[in-house]
Amino acid sequence: MIDLSAFSEEKFDAKKWINTACQNRHPQETVEKQLVDLEMKLQMMSEEIAASLEEQSTAALLRVPRATRDVIRVRDDAVSLRHSISSILLKLKKAEGSSAESISALAKVDIVKQRMEAAYETLQDAAGLTQLSSTVEDVFASGDLPKAAETLANMRHCLSAVGEVAEFANIRKQLEVLEDRLDSMVQPRLTDALSNCKVEVAQDLRGILIRIGRFKSLEAHYTKVHLKPIKQLWEDFDSKQRTNKLASEKNEVERLSSSNDFQSSLPTISFSSWLPSFYDELLLYLEQEWKWGMSRKCFLVLFIWLKERKRASHNLSILCMIAFPDDYKTLVPKLLIDTMASIGSNFVSRINLATGDVVAETKALAKGILDILSGDMQKGIKIQTKHLEALIELHNMTGTFARNVQHLFSESDLPVLLDTLKAVYLPYEPFKQRYEQMEHVILSSEIAGVDLRGAVVRGVGAQGIELSETVRRMEESIPQVILFLDEAVERCISFTGGSEIDELIQALDDILLQYISTLQETLRSLRAVCGVDAGDGGGTKKEMVSDRKEGMHNARKVDLISNEEEWSIVQGALQILTVADCLTSRSAVFEASLKATLARLSTSLSFSVFGSNLDQNQSHVASDGNGDWSMAGKAALDVASVRLVDVPEKAQRLFNLLDQAQNRWIISIGPVEKDIGDVFNYVIVLAILW
């Protein structure tokens, strides 16, 4: 057979096909015979194809009339179907027009039916309310608290159904009295259940309070039960202090009675050393409370384990939170919030006294930072760096505790966690509110302690020595002052997290201007010492006259000094230019460092949402379901954010400052530039005189 597929190709080459067929012949067969065979085969196949085409064409011609008849029949069926559908649509339109009024009437009837049913139910509720009101005392007399709760809940439902009806006003008042009565009956049993770890009883009592809408009562009673042992932990410090005081007084009496110089001194307990242990015990207590949310099986295993080891009874009682598996995420944080509220004022007092204990003067008077700021101290006593460092140390302890609390309560909602952390940091709020005043006093004292004048007594021949010594001290004071400013920034970040950076910048501005003013006064005095007229158009008339007289007097002294001293004066004047340039450059470096700090602070606070925006963007700071907070959520719980969340105006001012910090000078250094011009004039005058 001949393969006909080659003939269907688009690029069929007849010569090539013939040559290929000849090449594939048998070696003993001649070319002529091969060509004859090919011709015969092709002719036979051509005849077969022609016959097949003729047969298929005839069959196709026979099918055309039949297909035409089928198409005509389908067309007639489509026309008939279209007419039928048009008739149906016409009937539907007629039915719709006639039934609209019927449907409207049925709707009105249905509304009347619903109102009748509502009235019937209201009448039933009113009748039931009357019946419940008459039988509720019997239910209370039976002592069945769940049934009493169910009865009161039904009465509440019936009252809400009948609405404000004058006939039921007395029943409404009666219901409130009965709910208070049931609440008072539940409280002693709930106390017993919480104290003795009666899980099922606690669950039943919780259900009763929830049924009558008294969840707040459950919160308050839970806090009341557990607040007492926590307050005992807090009062342990005072008890230890009293014990040490009594022991010391006893030793003093024994020493005096025995006339012996030996005195055994008991170690005093400082608040800063005691506070970490209090936080550890409080965190352990809260962690045990939080574990109430474990499964019942785990609870029983832990209960048996503790019982076998004869742990303290309060450890057994605090593992009852299995009774409140749906509420422990709010109950335990609420316990900590109420704890901090109850000890808040005493906490502030202890912090205040602890800051005073680091300095002998304030310790002897039993006073602290707040007492100094209020003006109750002697005039010479001021806030020192040690006071603020002690405050920051205590705040760092609280910050560690706050981070542990945040990790422990990570399953709670963000508003609950925010309220908890605000309560933790609340004792430091009075100090943060007066932070600018504290830093201003400290920096002012440090600047005042910088001695810029030389130790040489003024006189003929001593001007050069005094000038050189003063210039040296001025130059050495610049890095010292910048260090003071850097330390103030570090203290601000450590204590407030940056929330008071705007107040600090104001204090830094004032302090730097104070320092520059001191430098200017020193320069004016040096002009007078070296015999240069100090009249620069500034000051009062009396001061100008005094400076002019002093300048004339010192000008006569210039004639008495040697050339060597004159050259020393000129060298000192030239060194003042170096001092001015050093001050400008160091101020610029400090400015750049402060801007970098503000940029980092802006980045960290930009994830937090302050004020009303916090409630509107809960999705950005929510937990991912596994107790892990998003980056925004963690930022929102930063110490600065926790404080600023309640003061949106201050937060806005702070953000404006942070946004503008990169485009303007933060610290005022303009007077430095002006002073450089004054020094140039000063040096020129000295050079002329020399």
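Whatever comes next refers back to the structure up there.
In this text, all values refer to a predicted model and were calculated from it rather than measured experimentally.

J.: Can you walk me through the side chain of Glu500 in this structure?
T.: Locating Glu500 in the fold gives a position in the loop between α17 (463–496) and α18 (501–529). The exposure class assigned to Glu500 is buried, which follows from its relative accessible area of 3%. A distance of 3.3 Å separates the side chain of Glu500 from the side chain of Lys650, its partner in a polar contact. Setting aside residues no more than four positions away along its own chain, Glu500 makes contact with Lys432, Tyr435, Cys492, Arg643 and Lys650.

J.: Whenever I open this one, the packing of helix α13 (residues 385–408) against helix α16 (residues 435–448) confuses me. Can you help?
T.: Helix packing geometry: the angle between the two helix axes and the distance between the axes. It is at 10 Å that the axes of α13 and α16 come closest, and there the two elements cross at 140°. Of α16, the residues touching α13 (which contributes Thr385, Leu388 and Leu391) are Tyr435, Met438, Glu439, Ile442 and Glu446. By residue class, the composition of the contact of α13 with α16 is five nonpolar, one polar and two charged.

J.: Looking at this model, I keep getting lost on a nonpolar patch on the surface. Mind explaining?
T.: A surface patch of nonpolar side chains, amounting to about 480 Å² of accessible area, comprises Leu4, Phe7, Phe12, Leu42, Ile49 and Leu53. Mapped onto the secondary structure, Leu42 falls in helix α2 (residues 31–142). Owing to a relative accessible area of 32%, Leu42 belongs among the partly exposed residues under this scheme.

J.: Which parts of the structure should I look at to understand the pattern of salt bridges?
T.: When the charged atoms of two side chains with opposite charge come close together, those side chains can pair. If you walk through the whole model with that rule in mind, you get 15 salt bridges. With a shortest N-O distance of 3.4 Å, Lys422 and Asp419 are connected by a salt bridge. Of the two residues, Lys422 and Asp419 are both situated in helix α14 (residues 414–425); the distance of three residues between them amounts to about one turn of the helix. Residue classification places Lys422 among the partly exposed residues on the basis of a relative accessible area of 22%. On the basis of relative accessibility, which here comes to 37%, the residue Asp419 falls in the partly exposed class. In this structure, Arg472 engages Glu476 in a salt bridge whose closest nitrogen and oxygen atoms are separated by 2.7 Å. Residue Arg472 and its partner Glu476 are located together in helix α17, separated by four residues, close to a single helical turn. A single network of salt bridges, built from pairs that share partners, joins Glu429, Glu500, Asp502, Glu503, Arg643 and Lys650.

Cut-offs and rules
- Residues numbered from 1 in each chain as written.
- Predicted model: local features only at pLDDT ≥ 70, side-chain atom pairs only at ≥ 80, totals over all residues.
- Heavy atoms only, no water.
- Helix = DSSP H or I, 4+ residues; strand = E, 2+ residues; numbered from the N terminus.
- Buried < 20%, exposed > 50% of the residue type's maximum accessible area, 1.4 Å probe, protein only.
- Polar contact = N/O pair within 3.5 Å; in protein donor to acceptor, adjacent residues only side chain to side chain.
- Contact = heavy atoms within 4.5 Å.
- Axes fitted to C-alpha atoms, helices over the stretch in contact; angles between N-to-C directions.
- Nonpolar A, V, L, I, M, F, W, Y, C, P; charged D, E, K, R; others polar.
- Patch = residues over 30% accessible without salt bridge, like charges linked within 9 Å, V, L, I, M, F, W, Y side chains within 5 Å.
- Areas by Shrake-Rupley, 256 points an atom, 1.4 Å probe, with all protein chains shown as cover.
- Salt bridge = Lys/Arg side-chain N within 4 Å of Asp/Glu carboxyl O.

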